[in-house]
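Chain by chain, the residues:
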Amino acid sequence: MSTPITVSILGCGYIGQPLAKLFLKRGWRVRGSTTSESKLTNLLADGIEPYFLKLTPTLEGYGRRDFFDSDVVVINFPPGRRRADVGAFMEAAMGSLLTYLKEGRVQKVLFISSTSVYSAGHVQEEDAGKLPPSSASGGALLAAEELLRNASDFKSTVLRFAGLYGYERKPGRFWSGRPLRDPENAVNMLHRDDAVRVAMEVVKQQCWGQTFNVCADLHPTRAEFYARAASNLGLPPPQGSFGESRPDKVVLSDKVRMHLGYTFKFPDPLAPAP
């Protein structure tokens, strides 16, 4: 009987926990980390081996070396958009993680990044870095991606997720009854089910050494999307607009459809979804 694949998910929350459940269904062994001790029992109840780990920016917690004794590691933690030192923090955090990745038996790394690495325009994967990212956290993620690509000890793939929604994330609350920024700009959204399924397909199909945008096919305006999202919750739509217009951005996901043969479950962010 063959030994099951072991997967470690650093950041077993909104994306990581449902992804872990998909891996478990395949009979794989799954380790998952959380920064909240109260969530350890929840992970254990799902059949996930729980680890309490924090990036401070060095990796702290018990069982750090065991956690990286896995075939595949999924790195999924937010850089902290509101941190004034987000660039320095992310660089130090990735340096700490790389130390453990190189010392373990890790063969493959899946890194969850963001479409905030882009600035404006109709953007594909190769456009990252041509213009400065739209935020400091986007710049920090782009630098983190490069650190992983330059590591020769393992293969890696990067997934750049668009704005996440679905289940407990209800964007209708964000702007209800309030002025909306850039109402005529396009939205770049991604339902959680599609995010999790694409991550699963990368590991299942052994599609390494790649970078993929992951974003719904259609791009309604911000006004359309947030009005519909508010209506779905029985809330008033956004009222008016504020601020100077920012450049529009449309994230294209042609590559993930072509390379993985992936069809989005929720291609239209205006369609009903859990």
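Description of the structure in this document. (Residues numbered from 1 in each chain as written. Predicted model: local features only at pLDDT ≥ 70, side-chain atom pairs only at ≥ 80, totals over all residues. Heavy atoms only, no water.)

### Observations concerning the pairing of strand 1 (residues 6-10)
Looking along a regular strand, one sees side chains alternate from face to face of the sheet. With 5 of 5 residues buried, strand 1 is to be regarded as a mostly interior element. The two faces of strand 1 match: Thr6, Ser8 and Leu10 on one face and Val7 and Ile9 on the other face are all buried. Summarising the sheet, strand 1 and strand 2 (residues 29-34) pair through 4 bridges and their orientation is parallel. Along strand 2, the bridge assignment pairs serine 8 with arginine 31. The handedness of the strand 1 to strand 2 crossover, carried by helix 1 (residues 16-25), is right-handed. (Buried < 20%, exposed > 50% of the residue type's maximum accessible area, 1.4 Å probe, protein only. Helix = DSSP H or I, 4+ residues; strand = E, 2+ residues; numbered from the N terminus. Pairing = 2+ DSSP bridges. Right-handed = clockwise from strand over helix to strand, strands pointing away.)

### Here's the deal with the nonpolar core
Counting 70 residues, the largest nonpolar core has Phe23, Leu101 and Leu159 as the members making the most contacts within it. In terms of residue count, helix 4 (residues 86-103) provides more of this core than any other element does, 9 residues in total. Judged by nonpolar contacts, the second largest core, of 9 residues, contains Tyr165, Met189, Phe225 and Leu270. (Core = buried A, V, L, I, M, F, W, Y, C linked by side-chain atoms within 4.5 Å.)

### So, the packing of helix 4 against helix 5 (residues 136-149)
At their nearest, the axes of helix 4 and helix 5 sit 9 Å apart, and the two run at 25° to each other. As summarised for this structure, helix 4 and helix 5 are arranged roughly parallel, according to the angle between their axes. Handedness of the helix 4/helix 5 crossing: right-handed. Across from Val86, Gly87, Met90, Met94, Leu98 and Leu101 in helix 4, the residues of helix 5 making contact are Ala136, Ser137, Ala140, Leu141, Ala144, Leu147 and Leu148. Across the contact of helix 4 with helix 5, the residue classes tally to 11 nonpolar, 2 polar and no charged. (Axes fitted to C-alpha atoms, helices over the stretch in contact; angles between N-to-C directions. Parallel < 35°, antiparallel > 145°, perpendicular 65-115°, else oblique. Left-handed = near helix turned anticlockwise from the far one by under 90°. Contact = heavy atoms within 4.5 Å. Nonpolar A, V, L, I, M, F, W, Y, C, P; charged D, E, K, R; others polar.)

### Comments concerning the layout of surface pockets
If a probe the size of a water molecule is rolled over the atoms, the empty space left behind becomes visible. What the second largest pocket holds in volume is close to 220 Å³. What lines the second largest pocket is a set of 17 residues, among which Tyr165, Pro171, Ala229, Asn232 and Ala273 lie closest to the centre. Looking at the lining of the second largest pocket, the element that brings in the most residues is helix 7 (residues 222-232), giving 4 residues. Looking at the lining of the second largest pocket, its residues break down into 11 nonpolar, 3 polar and 3 charged. (1 Å grid on protein atoms, 1.4 Å probe; cavity = no way out; pocket = protein on both sides within 12 Å on 5 of 7 lines; lining within 4 Å. Points joined across faces, edges and corners; volume = space filled by probe spheres on them.)

### Notes on the side chain of asparagine 213
Mapped onto the secondary structure, asparagine 213 falls in strand 12 (residues 211-214). A relative accessible area of 0% means that asparagine 213 is categorised as buried. In terms of polar contacts, asparagine 213 uses its side chain to reach the side chain of tyrosine 118, at 2.6 Å. Beyond its immediate chain neighbours, meaning those up to four positions away, asparagine 213 contacts Tyr118, Val123, Gln124, Glu125, Arg160, Val251, Leu252, Ser253 and Val256. (Polar contact = N/O pair within 3.5 Å; in protein donor to acceptor, adjacent residues only side chain to side chain.)

### Some points on the state of the cysteines
What the rule picks out here adds up to 0 disulfides. Unpaired in this structure, cysteine 207 has its nearest cysteine sulfur neighbour in cysteine 215, at a distance of 19 Å. For cysteine 207, a relative accessible area of 12% puts it in the buried group. The class of cysteine 215 is buried, set by a relative accessible area of 0%. (Disulfide = S-S within 2.5 Å.)

### Concerning the packing of aromatic side chains
For the coordinates displayed, the defined rule picks out 8 aromatic pairs. A centroid spacing of 6.0 Å and a plane angle of 80° characterise the contact between tyrosine 165 and phenylalanine 225, whose relative ring orientation is edge-to-face. Here the residue tyrosine 165 occupies a position in strand 9 (residues 163-165), and phenylalanine 225 occupies one in helix 7, the gap between them amounting to 60 residues. Residue tyrosine 165 is classed as buried on the basis of its relative accessible area, which comes to 7%. An angle of 35° between the planes, with centres 6.1 Å apart, marks the rings of tryptophan 175 and phenylalanine 242 as tilted. With a gap of 67 residues between them, tryptophan 175 in the loop between strand 9 and strand 10 (180-181) and phenylalanine 242 in strand 13 (residues 241-242) connect regions that are remote in the sequence. Across the ring face of tyrosine 14, the terminal group of arginine 192 is positioned such that the distance to the ring centre comes to 5.1 Å. Above the ring of phenylalanine 212, the side-chain terminus of lysine 255 is found at 5.3 Å from the ring centroid. (Phe/Tyr/Trp six-rings, centres within 6.5 Å; stacked < 30°, edge-to-face > 60°. Lys NZ or Arg CZ within 6 Å of the ring centre and 35° of its normal.)

### Comments concerning the sheet that holds strand 12
Spatially, 8 strands are ordered 4-3-2-1-5-6-8-12 in an open sheet, and the strand pairing comes out mixed. Looking at which strands have only one partner, the edges of the open sheet turn out to be strand 4 (59-61) and strand 12. On average, each strand axis in the sheet is tilted by 25° relative to the strand beside it, whichever way the strands run. Note that strand 8 (residues 155-161) and strand 12 share 4 bridges and pair parallel. Residue pairing in the sheet places leucine 159 in a bridge with phenylalanine 212 of strand 12. Against the sheet, helix 6 (residues 192-204) touches strand 5 (72-75), strand 6 (108-114), strand 8 and strand 12, its axis set at about 165° to strand 8.

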